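Inside the fold
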Amino acid sequence: MNTNVLLSAQTLPREFYSRDTLRVARELLGKTLVHDTERGRIAGMIVETEAYTSNDPACHACSGITPRNAVMFGEPGHAYVYFTYGMYFCFNAVTAPQGTGEAVLVRAVEPLEGIDLMIENRGTEVETNLTSGPGKLCMAFGLKRDHNGLDLTAGSLTIMNGERPSEIAETTRIGIRVGADLPWRFYIPNNPHVSRKPAGKTRPSIRPVIHRGHSG
DNA sequence: AGAGCGATGGCCT
DNA sequence: GGCCATCGCTCTA
């Protein structure tokens, strides 16, 4: 081992990502997303995720590999950052073994470090509005096209270990038309930085399912 | 609190 | 040409 052992000791290893995507989506809650920029470190605790699997009609990769989604089929533990609605970016962690097109969308984080930089990047000082959505958090963290494909296990954009939440809420995903009935959105209950209070708009009847004291 | 909508551009058929 | 894994504003209640 080299002298970076101490610095990288808390970074999630590739094996973390190379597993079942739903499991990774749940276990990313409580972990810390870290972006080391020229102006300083920006970090936040992941509080909301969504899983996208290869047989899932809402997944960008469900119809096969294209230039846009190619990163999803590559090595797990890399960043899949895509451009959407003409002005926003969304950040994903590529999951499952290489060759499968799967990823976890990080929808919200709780600001921990570099909040002044987030305020500059977002143009607001309201703390619960800095990173409470996939587009917002990319703006706050300065994530854009250049970050697509970066290795999350080494370099300036990483995910570090963190405390496991005691509860996980599970609902349908937000902002999709197909696959809208799959309960593959996960978030930390009562955290003020989650993008929306209850479930997606599609099925207001679906209540969040709270899992207590989960293992694994 | 919730519904509606425009902005804006890349990707894919 | 149609469709977005969004956001912030406006209007109605």
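So, a few notes on the structure that sits alongside this text. Everything numeric in this text was worked out from a predicted model, so none of it was measured.

**Topic: the overall build of chain A**
Check the secondary structure of chain A and you find 5 helices and 9 strands. Mapped from its N terminus to its C terminus, chain A presents α and β elements in the order α-α-α-β-β-β-β-β-α-α-β-β-β-β. Pairs at least 24 apart in sequence give 62% of the contacts found in chain A among residues at least 6 apart. About 10,600 Å² of surface is accessible on chain A, with carbon and sulfur atoms providing 52% of the total.

**Re the packing of helix α4 (residues 115-122) against helix α5 (residues 134-141)**
Following both chains from N to C, one finds α4 and α5 inclined at 115 degrees, their axes separated by 7 Å at the closest point. When the interaxial angle is binned, α4 and α5 end up roughly perpendicular. Note that α4 runs across α5; the crossing there is right-handed. Along the contact surface, α4 presents Leu117, Met118, Asn121 and Arg122, while α5 presents Lys136, Met139, Ala140 and Phe141. Considered class by class, the residues forming the contact of α4 with α5 number 5 nonpolar, 1 polar and 2 charged.

**Considering the layout of surface pockets**
One number sums up the size of the largest pocket: a volume of about 700 Å³. In this structure, the largest pocket is lined by 29 residues; those nearest its centre are Tyr82, Tyr85, Cys90, Ile174 and Gly175. Of all the secondary structure elements, the ones that give two or more residues to the lining of the largest pocket are β3 (79-84), β4 (88-94), β5 (103-113) and α5. Within the lining of the largest pocket, the residues separate by chemical class into 16 nonpolar, 8 polar and 5 charged.

**A short note on the protein's contact with DNA strand B**
All residues in the neighbourhood of DNA strand B are listed as Thr66, Pro67, Arg68, Phe83, Tyr85, Gly86 and Met87. A share of 58% is what sugar and phosphate atoms reach among the atoms of DNA strand B within 4 Å of the protein. With respect to DNA strand B, the backbone of Tyr85 contributes an N or O atom lying 2.3 Å from a base oxygen. Contact distances for DNA strand B include 3.4 Å between a base nitrogen and a backbone N or O atom of Gly86.

What counts and how
- Residues numbered from 1 in each chain as written.
- Chains lettered and ligands numbered in written order.
- Predicted model: local features only at pLDDT ≥ 70, side-chain atom pairs only at ≥ 80, totals over all residues.
- Heavy atoms only, no water.
- Helix = DSSP H or I, 4+ residues; strand = E, 2+ residues; numbered from the N terminus.
- Contact = heavy atoms within 4.5 Å.
- Areas by Shrake-Rupley, 256 points an atom, 1.4 Å probe, with all protein chains shown as cover.
- Axes fitted to C-alpha atoms, helices over the stretch in contact; angles between N-to-C directions.
- Parallel < 35°, antiparallel > 145°, perpendicular 65-115°, else oblique.
- Left-handed = near helix turned anticlockwise from the far one by under 90°.
- Nonpolar A, V, L, I, M, F, W, Y, C, P; charged D, E, K, R; others polar.
- 1 Å grid on protein atoms, 1.4 Å probe; cavity = no way out; pocket = protein on both sides within 12 Å on 5 of 7 lines; lining within 4 Å.
- Points joined across faces, edges and corners; volume = space filled by probe spheres on them.
- Near = heavy atom within 4 Å.
- Polar contact = N/O pair within 3.5 Å; in protein donor to acceptor, adjacent residues only side chain to side chain.

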